[in-house]
Structure formats: structure tokens, C-alpha cells
Amino acid sequence: ITEATHDWCLFLDSDEALTPELATELYRIAEKGDQPLYRLMRTEYLLGREVRHGHGKSGYQERFFHKARVRFQGEVHEYPVIDGQKPAADFPLVINIDPGLRLLHNPAYTVEEMVKKVGRYASLAAHEKIKTGRRGGSFKVLLMFPLTFIMVFCKGWRGGRQAFVAAIMEAIHRTLVKLLIYEQSLKKRGIIKQ
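To start, this report covers the structure provided alongside it. Quick caveat: nothing in here was measured; it's all calculated off a predicted structure.

1. Quick word on the overall build of the chain
No. 1: Within the chain, the secondary structure is distributed over 4 helices and 10 strands.
No. 2: Counting only C-alpha atoms and orienting by the principal axes, one finds that the chain spans roughly 60 × 40 × 30 Å.
No. 3: Total accessible area on the chain stands at roughly 12000 Å², and carbon and sulfur atoms take up 56% of it.
No. 4: Placing the 30 positive and 22 negative side-chain charges of the chain at their respective mean positions leaves the two points 10 Å apart.

As C-alpha cells, then:
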């Protein structure tokens, strides 16, 4: 962000694309420039269809911002800080762009691609939690998979197969995070060698 040559920045992952209508709206906002941070509706896909229910459903994300006023913190799922403050959900300086103007996540995203990413993201999340002093025990690791699966699937059951796959993947992710934290706890206690 500090190397950006323009005042306005857009976070865009390599597997995302803007609709032409959203691109037009972002150019209009950049010219007007009345607020520091805008949320874009991102369309999520799983098993070839938009995710409309439960975990991982399409939703707003903070992606378009004025670089002089907004900074991002965190290693995984970064969050914005506006003029030195972390904004609450109803923060008046954060604007939702029309949900009909979409940021499209890769519609061909497969379970195999999810599996490839889950370990890397679990490792990043675990290290971030370890830095804050989070500790873990074997009981937490043991319960994490079934509890997460039930919670995630129950929230999105209307999604059918999508909800099933999302619940499995989220349960695997959270269990791996807990397992990595548990391993670090064992190392700190000298039970296993560093």
C-alpha cells in the first residue's frame, strides 16, 4: 500500500474479478472521494454455484479505500483501521456499495483447491493466535472437529451439498489450527523438543 502511486487502492486476489459495472462505480468513487473505506459484495462459489446460505456465503468485504486514511492489520483476514481506529460494524465512514455490483470469486473453485489451501491458512491462523498467547489442550483439539461441523452445517443446511462441504472444510481448518496451537503448547512445556 505504501508503494501505491494513486490515492485509492483496491484489494483484489488473483482468483477474483470485478464486474464491469463495479469497475465503473469504483472509478466514480475515486473521483468523488467522499469516504475513506468501501465494502464490496463478493460472490462466493462452491461446487460450481453461488454460496447463498451459511458459512462462506457471499457477503461484504472491505476492499476499496483511500490509502492516506486506511491501514490494514493482521496476517490472516486482515482488518482495516481508519484514522487510527478499528471501525465497528456500523461505523459511519465505511460504505457498502450496491450489492448488485459484484466482486466475483473464482466460480471454478474446487474442493481439491480448498484442500491445498487449508493447511497454509491454518498455519498462518495458528501462528497469529500463538503470538497473542493462545494455548491449547488435547480436549479442545478432540472436540473442535465435531462441534465445528455441527455448528457450521446447522447454520447453512439450506445449502445442501455446499453446506456439507463447507462444514467439513471449516471443521478441518479449525481443528488444524487447534492442533498447531496444542503442539506449540507442548513445546513450551518441554514435552516435545523444539
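2. With respect to the nonpolar core
Here is a general trend for soluble globular proteins: nonpolar side chains tend to be buried in one another's company.
No. 1: In this structure, Trp8, Leu22, Leu26, Ile29, Tyr38, Leu40, Phe64, Ile97, Leu101 and Leu103 together form the largest nonpolar core, which totals 10 residues.
No. 2: Within the residue set of this core, elements represented by two or more residues are helix H1 (20–32) and strand S3 (37–43).
No. 3: If you tally residues by element for this core, the top one is H1, at 3 residues.
No. 4: Apart from the residues lying within four places of it in its own chain, the contact partners of Leu26 are Leu10, Leu18, Leu40, Phe64 and Ile97.

3. Comments concerning helix H2 (residues 111–131)
No. 1: The end-to-end C-alpha separation of H2 is 30 Å, in line with the 30 Å expected for 21 residues at 1.5 Å each.
No. 2: The largest bend in H2 amounts to roughly 30° and is located at Lys117.
No. 3: Of all the positions in H2, only Met114, Val118, Ala122, Ala125, Ala126 and Ile130 are classed as buried.
No. 4: The secondary structure elements touched by the buried residues of H2 are strand S4 (45–46) and helix H4 (161–188).
No. 5: Just beyond H2, the residue with positive phi is Gly133, at close to 90°.

4. Describing the pattern of salt bridges
No. 1: Under the criterion given, the structure shown has 13 salt bridges.
No. 2: Here Lys117 ties to Asp15 by a salt bridge, and the two come within 3.7 Å at their closest N and O atoms. Note that Lys117 is positioned in helix H2 and Asp15 in the loop between strand S1 (8–10) and strand S2 (16–18), a separation of 102 residues in sequence.
No. 3: When the shortest N-O distance is used, the salt bridge between Glu25 and Arg28 registers 2.7 Å. Here Arg28 and Glu25 lie together in helix H1, a separation of 3 residues that amounts to about one turn.
No. 4: The exposure class of Arg28 is partly exposed, given its relative accessible area of 39%.

5. What to know about the packing of helix H3 (residues 138–156) against H4
No. 1: Closest axis-to-axis distance for the H3/H4 pair is 8 Å, and the angle between their directions is 160°. If you check the angle between H3 and H4, you find them roughly antiparallel. Two packed elements cross with a definite hand, and for H3 against H4 that hand is right-handed.
No. 2: For the contact of H3 with H4, the class distribution of residues is 16 nonpolar, 4 polar and 4 charged.

6. Focus on the side chain of His173
No. 1: By secondary structure assignment, the location of His173 is in helix H4.
No. 2: The residues touching His173, leaving out its near neighbours within four places in the chain, are Val118, Tyr121, Ala122 and Ala125.

7. What to know about the environment of Leu103
No. 1: Looking at the element boundaries, Leu103 is found in strand S10 (residues 102–105).
No. 2: Sequence separation of Leu103 and Pro20 is 83 residues, and the distance between their C-alpha atoms is 9.8 Å.
No. 3: When near neighbours in sequence (up to four residues on either side) are disregarded, Leu103 contacts Leu12, Glu16, Ala17, Leu18, Leu22, Leu40, Met41, Arg42, Thr43 and Arg63.

Cut-offs applied
Residues numbered from 1 in each chain as written. Predicted model: local features only at pLDDT ≥ 70, side-chain atom pairs only at ≥ 80, totals over all residues. Heavy atoms only, no water. Helix = DSSP H or I, 4+ residues; strand = E, 2+ residues; numbered from the N terminus. Areas by Shrake-Rupley, 256 points an atom, 1.4 Å probe, with all protein chains shown as cover. Lys, Arg positive; Asp, Glu negative; His and termini not counted. Charge placed at Lys NZ, Arg CZ, Asp CG, Glu CD. Core = buried A, V, L, I, M, F, W, Y, C linked by side-chain atoms within 4.5 Å. Buried < 20%, exposed > 50% of the residue type's maximum accessible area, 1.4 Å probe, protein only. Contact = heavy atoms within 4.5 Å. Expected span 1.5 Å × (residues − 1). Bend = angle between axes of the 7 residues up to and from the residue. Salt bridge = Lys/Arg side-chain N within 4 Å of Asp/Glu carboxyl O. Axes fitted to C-alpha atoms, helices over the stretch in contact; angles between N-to-C directions. Parallel < 35°, antiparallel > 145°, perpendicular 65-115°, else oblique. Left-handed = near helix turned anticlockwise from the far one by under 90°. Nonpolar A, V, L, I, M, F, W, Y, C, P; charged D, E, K, R; others polar.

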